[in-house]
Amino acid sequence: MPLYATFPFYIGIHGGLVYGIFMDNPHRSRFNFGASNNRFSYFSADGGTLNYYFIHDSGVREILAAYTHLTGRMSLPPLWSLGYQQCRYSYYPHQKVINIARIFREKEIPADVIYLDIHYMDRYKVFTWDEERFPSPEKLITALRDEGFHVVVIVDPGIKIEPGYPYYEEGKEKDLFLKYPDGEPYSGQVWPGWCHFPDFTRPETRDWWGSSLETYLSIGVEGIWNDMNEPATWGQQVPNLVEFDWEGHGATHQKARNVYGMQMARSSYEGTRRLMKNRRPFILTRSAYAGAQRYSAIWTGDNVASDEHLMAGVLLLSNLGLTGMAFTACDISGFWGDSSPALFARWITVGAFSPFMRTHSMVESRDAEPWSYGETVEEISRNYIQFRYRLLPYLYSTFYEATQNGMPVVRTLAIDHPHDPQVYDKRYQYQYLFGDSILVAPAESTKEITKVYLPPGRWYDFYTGRLEEGGREVYAESPVARLPLFVRAGAVIPMQTVRNHTEEQITGPLQVHVYAGGDASSSFLYYEDDGETFDYEQGQFFRRRIRLTDHELFFEAAEGDYFSAYEEIQLWFHGYCFHEKDRVTMNGEKTALASATFRLCAPVFAADPLGIPYDPYGAVELPTAVFPNLRDSIRVTWD
Ligand code: GLC
């Protein structure tokens, strides 16, 4: 069903080979696979030229690199946008928003972002505020910033037709709207009633729109959420004869519809980049076309609070990852309808392993904050959100990869194993790698045991440290408090201690977890910068490869001018057995070994509405070592 976004790109797997086809034609397109009993596939479009790229390379990674070389890659997101994001349709008034933020801090559930959905506006008119609900938006945003929260506001394209409303007047005067062939602006109905729609394929409109965002940015808003930008209208489709500027060349809706949302996101991105000077904005869009990754993150739109949609969302994120869109998420808890406690809990655990993590739900649905479903769900939510914050050094480095080679954050197993039929099996198709080394096996909220396919290689159960041979299926316990997770042997996973939000002072060491048993090429590209500005484009970053072999971990000398925020490194050895405690050296010096308990999450001891009968978490006793985080190379050896 055609909904929000269009990516006329696919990866074919055929005769032991892989290839990519990108048809750069924004008209409505059709792709038909396996036609005539698998004799051929075809693609077509309603108009335009047959302009397509054939990409051949040795593997899916290489094809993604080529495709994103062509269509562009994302720039680094602000670190705060990788923290937990709380949204709903809609939080108001002022005091309600403050209270929600306060509860996160009181309950020590980490969070970085609060959203304002359409009710913040005066009768849904963009660039305005409802003065009763929000008498002083600037004060609100300052108060939230003081607590470490960033504010994202929704900004839809429809401009209300209302004489005297400055954006309507200006748009008309400067001829910035989509038009009928007779030159009259096109009208459609959306939230504010009858509206005109800015023509984002016209550079002047993009400039005007981008500059108009100043009204938000000047009071401290840092994120722009572009919704309804297909564009969506009530009760009708935009007629095909509606005219667009198309960068001065002219086009009709038939050609321009599929790029409208992306051009809106582009305008928001370019405007915020200009206005926020050197600080990174966060742009979120619902509609997109191939290449939108240059401007915006995307969410999967209005899903339903059901297990079916939880699982479908996982597949969507895997698929979006194959279209160059690395910065993606689904509405946790489901937009339409009410989640059950178990479904909410499961969704939070899966959401903790998505590129960004946002809970969102429909007006008049039940409350959907991490504490809204009772104590057990609250504890599960805290556990997994905290774990996400511990994992941020790994996640941020993974985003860096996306900026360099277009590799997604959610990686279907088909990327590394395109010819392994098991990864396409209906039972295993939901599994994915979160970054390089963490295998996530999502399951419905009702499923207490999940069958998992471990691809060839060796894998550690993340909770118990148990080593499993890959290339086969295993059973994993999966009560809602325990999302099945496995780590690749040879993995290097940098973590940190828990923080309440991403700007809280870093106190502990960089905790580097290494997992024994990889091959000679096991390594991780560690990347760090200020997480906030574009200074990294001028060399302000701290980047080094960390190589793991059987008896050695080698941190290459750091590249870039930035100084790491972590003074020390704490190594955690998984799967290693040390016979003699003093055989570990760091740059030739003996290093003391200690041991510590690694527990993924706190146990959920339940007086228990979900019927979780036990502490589902293993705790592993591991050898650890601490040493200074030198910029020069660091060689740690053991035997
Ligand atoms: C659309 C969006 C949804 C939003 C709502 C109100 O349905 O997809 O996320 O909450 O509009 O703005």
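Shown above is the structure to which this text applies.
All of the points below concern the structure found in this document. Note that the coordinates shown come from a computational prediction; the quantities given were computed from them, not determined experimentally. (Residues numbered from 1 in each chain as written. Predicted model: local features only at pLDDT ≥ 70, side-chain atom pairs only at ≥ 80, totals over all residues. Heavy atoms only, no water.)

A separate point is the overall build of the protein chain. What the protein chain contains, in helices and strands, is 12 helices and 39 strands. What you see for the protein chain is a C-alpha radius of gyration of 25 Å, in line with the 26 Å of a compact globule of 639 residues. When the backbone C-alpha atoms are referred to their principal axes, the protein chain occupies close to 85 × 60 × 50 Å. By the burial criterion, 60% of the 639 residues in the protein chain qualify as buried. Here the contacts in the protein chain between residues at least 6 apart in sequence split such that 72% fall between residues at least 24 apart. Counting every atom, the protein chain has about 24700 Å² of accessible surface; 48% of that belongs to carbon and sulfur. Taking the average location of the 58 positive side-chain charges in the protein chain and that of its 81 negative ones, the two points are 3 Å from each other. (Helix = DSSP H or I, 4+ residues; strand = E, 2+ residues; numbered from the N terminus. Rg over C-alpha atoms; globule rule 2.2 N^0.38 Å. Buried < 20%, exposed > 50% of the residue type's maximum accessible area, 1.4 Å probe, protein only. Contact = heavy atoms within 4.5 Å. Areas by Shrake-Rupley, 256 points an atom, 1.4 Å probe, with all protein chains shown as cover. Lys, Arg positive; Asp, Glu negative; His and termini not counted. Charge placed at Lys NZ, Arg CZ, Asp CG, Glu CD.)

Before going further, it helps to spend a moment on the nonpolar core. Core analysis: the biggest nonpolar cluster contains 194 residues, and Phe 353, Phe 434 and Phe 462 have the highest contact counts within it. The contacts of Phe 434, once residues within four sequence positions are left out, are Ala 352, Phe 353, Ser 354, Pro 355, Arg 388, Leu 391, Tyr 394, Leu 395, Val 409, Val 410 and Val 440. Counting 14 residues, the second largest nonpolar core, distinct from the first, contains Val 423, Leu 439, Tyr 453 and Leu 454. (Core = buried A, V, L, I, M, F, W, Y, C linked by side-chain atoms within 4.5 Å.)

Here the focus is a nonpolar patch on the surface. Residues Leu 50, Tyr 52 and Phe 54 make up a contiguous nonpolar surface patch of roughly 360 Å² in combined accessible area. The residue Phe 54 is located in strand S6 (residues 52–56) in this model. Judged by its relative accessible area of 54%, Phe 54 is exposed. (Patch = residues over 30% accessible without salt bridge, like charges linked within 9 Å, V, L, I, M, F, W, Y side chains within 5 Å. Salt bridge = Lys/Arg side-chain N within 4 Å of Asp/Glu carboxyl O.)

Enumeration according to the criterion identifies 63 aromatic pairs in this entry. Residues Tyr 526 and Phe 542 carry aromatic rings whose centres are separated by 6.3 Å and whose planes lie at 85° to one another, so their mutual orientation is edge-to-face. Here the residue Tyr 526 occupies a position in strand S31 (residues 523–528), and Phe 542 occupies one in strand S32 (residues 542–549), the gap between them amounting to 16 residues. Among the aromatic residues, those joined into a cluster by ring pairs are Tyr 120, Phe 127, Trp 129, Phe 134, Tyr 165, Tyr 167, Phe 200, Trp 208, Trp 209, Tyr 216, Phe 244 and Tyr 260. Its end group placed over the ring of Tyr 165, Lys 125 keeps NZ or CZ at 5.0 Å from the ring centre. (Phe/Tyr/Trp six-rings, centres within 6.5 Å; stacked < 30°, edge-to-face > 60°. Lys NZ or Arg CZ within 6 Å of the ring centre and 35° of its normal.)

Attention now moves to the side chain of Glu 528. Inspection of the secondary structure assignment puts Glu 528 in strand S31. With no salt bridge to any partner, buried Glu 528 finds its closest opposite charge in Arg 544, at an N-O distance of 8.1 Å. A polar contact is formed between the side chain of Glu 528 and the side chain of Tyr 526, at a distance of 2.7 Å. Setting aside anything within four residues of it in sequence, one finds Glu 528 in contact with Tyr 396, Phe 541, Phe 542, Tyr 562, Phe 563, Ser 564, Ala 565 and Tyr 566. (Polar contact = N/O pair within 3.5 Å; in protein donor to acceptor, adjacent residues only side chain to side chain.)

Time to look at the side chain of Asn 629. Mapped onto the secondary structure, Asn 629 falls in the loop between strand S38 (619–628) and strand S39 (634–637). Of the polar contacts made by the side chain of Asn 629, one reaches the side chain of Arg 544; its length is 3.1 Å. When sequence neighbours within four positions are dropped, the list of residues in contact with Asn 629 reads Phe 542, Arg 544, Ser 564, Tyr 566, Glu 567, Glu 568, Ile 569 and Ile 634.

What follows concerns the site of the ligand. The immediate surroundings of the ligand are formed by Tyr 89, Asp 117, Ile 118, Ile 154, Trp 191, Trp 225, Asp 227, Arg 286, Trp 299, Asp 302, Phe 335 and His 360. Here an oxygen atom of the ligand and a side-chain polar atom of Arg 286 are 2.9 Å apart. Considered on its own, the ligand offers 310 Å² of accessible surface; in the complex 97% of this is hidden by protein. (Near = heavy atom within 4 Å.)

Turning next to the layout of surface pockets. Looking at the second largest pocket, its volume works out to about 570 Å³. Taken together, 25 residues form the lining of the second largest pocket, with Asp 436, Arg 488, Ser 521, Ser 522 and Ser 523 sitting closest to its centre. Looking at the lining of the second largest pocket element by element, the count peaks at three residues for S31. (1 Å grid on protein atoms, 1.4 Å probe; cavity = no way out; pocket = protein on both sides within 12 Å on 5 of 7 lines; lining within 4 Å. Points joined across faces, edges and corners; volume = space filled by probe spheres on them.)

Another point: the environment of Phe 327. Mapped onto the fold, Phe 327 is located in the loop between helix H9 (307–321) and strand S19 (328–329). The sequence separation of Phe 327 and Val 190 amounts to 137 residues, and the corresponding C-alpha distance is 27 Å.

Turning next to the pattern of salt bridges. Throughout the structure, instances matching the rule amount to 38 salt bridges. Glu 230 is paired through a salt bridge with Arg 286; the nearest N and O atoms lie 2.8 Å apart. Separated by 56 residues along the polypeptide, Glu 230 in the loop between strand S13 (223–226) and strand S14 (243–244) and Arg 286 in the loop between strand S16 (282–285) and strand S17 (288–289) bring together distant segments of the chain. Given a relative accessible area of 5%, Arg 286 falls into the buried group. Among the salt bridges present, the one from Arg 411 reaches Asp 436, with a minimum N-O distance of 3.7 Å. Of this pair, Arg 411 sits in strand S21 (residues 410–412) while Asp 436 is found in the loop between strand S22 (432–434) and strand S23 (438–440), placing the two residues 25 residues apart along the sequence. Like Asp 436, Arg 411 is buried.

Those residues of helix H5 (residues 166–173) lying buried are Tyr 167, Tyr 168 and Gly 171. Projection of H5 onto a plane perpendicular to its axis shows the buried side chains occupying an angular sector of 100°, all on one side. Where the residues of H5 are buried, they touch strand S10 (159–160), strand S12 (193–196), helix H6 (203–212) and helix H7 (214–217). Asp 175, located one to two residues past H5, shows a positive phi value of around 60°. (Arc of directions from axis to C-beta.)

Geometrically, the link from Tyr 89 to Ser 90 is a cis peptide bond, its omega value of -10° lying close to zero. The residue Ser 90 is located in the loop between strand S7 (84–86) and helix H3 (94–106) in this model. Within the chain, Glu 108 stands out as a residue other than glycine whose phi angle is a positive 55°. Position of Glu 108 relative to the elements: it lies in the loop between H3 and strand S8 (113–116). Positive phi, close to 55°, is recorded for Glu 247, a residue that is not glycine. Under the relative-accessibility criterion, Glu 247 is labelled partly exposed at 37%.

Bringing the environment of Thr 412 into the picture now. Here Thr 412 is to be found in strand S21. In this structure the C-alpha to C-alpha distance between Thr 412 and Arg 39, which are 373 residues apart in sequence, comes to 26 Å. For Thr 412, the residues in contact, after removing those within four places along its chain, are Ser 318, Leu 322, Gln 431 and Tyr 432.

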